[in-house]
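# A look at the structure
The lines below spell out each chain.
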Amino acid sequence: MAPATEALADKLGLRFNNIPYEGAAPAVTALLGGHIEAVAVSPAEVSAQVQAGQMRILGVMAEQRLEAFPDVPTFRESGTDLAIGTWRGIFVPKRTPAEVVETLRRWRAAPPRSRPSATR
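Reference entry: report on the structure contained in this document.

Rules used in this analysis
Residues numbered from 1 in each chain as written. Predicted model: local features only at pLDDT ≥ 70, side-chain atom pairs only at ≥ 80, totals over all residues. Heavy atoms only, no water. Helix = DSSP H or I, 4+ residues; strand = E, 2+ residues; numbered from the N terminus. Contact = heavy atoms within 4.5 Å. Core = buried A, V, L, I, M, F, W, Y, C linked by side-chain atoms within 4.5 Å. Buried < 20%, exposed > 50% of the residue type's maximum accessible area, 1.4 Å probe, protein only. Salt bridge = Lys/Arg side-chain N within 4 Å of Asp/Glu carboxyl O.

Summarising the element assignment, Thr80 is placed in the loop between helix H3 (47-51) and helix H4 (98-109). Beyond its immediate stretch of four places on either side in the chain, Thr80 contacts Leu8, Lys11, Leu12 and Phe75.

Looking now at the nonpolar core. Formed by Val28, Ala30, Leu31, Ile36, Val46, Val50, Met55, Ile57, Val60, Ala62, Phe69 and Val72, the largest nonpolar core amounts to twelve residues. No other element matches helix H2 (residues 24-32), which puts three residues into this core. Once residues within four sequence positions are removed from consideration, Val50 is found in contact with Met55, Ile57 and Phe69.

What follows covers the pattern of salt bridges. Per the counting criterion, the structure on display carries four salt bridges. Notably, a salt bridge pairs Arg76 with Glu63, separated by 2.7 Å at the nearest N-O pair. Of this pair, Arg76 sits in the loop between H3 and H4 while Glu63 sits in the loop between H3 and H4; the two residues are 13 residues apart in sequence, bridging distant segments of the chain. The class for Arg76 is partly exposed, based on a relative accessible area of 38%. The salt bridge partner of Arg65 is Glu77, with a shortest N-O separation of 2.9 Å. Separated by twelve residues along the polypeptide, Arg65 in the loop between H3 and H4 and Glu77 in the loop between H3 and H4 bring together distant segments of the chain. When its relative accessible area of 39% is taken as the criterion, Arg65 is described as partly exposed. Linked by salt bridges that have partners in common, Glu63, Arg76 and Asp81 make up one network.

By themselves, these are just geometric observations and shouldn't be taken as functional.
Below, the structure is given as structure tokens:
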């Protein structure tokens, strides 16, 4: 079971039936298909489905409400003392050209609101 799901189960005194998936995308597909009842993923991984009205976020396991979803309460605001950070990174193949690596470093260092959107 994923650490966030384990922490939630522990805090609420519940037991979840863990169904392992190879990443968020297959788990979200299973949720939308009615094969599972809930999923714990990063809000960024379901933002398109939320915006399309296919899913709703019940709460976020963050210290503060998310800028992208200001109406979604944190778990703490909803009465469950739980906040978990998501560890993410930017990864590239070992032989990525130096100019690409430098562009990504500059993008990462820029304040979030001033970052240009990614294009191919």
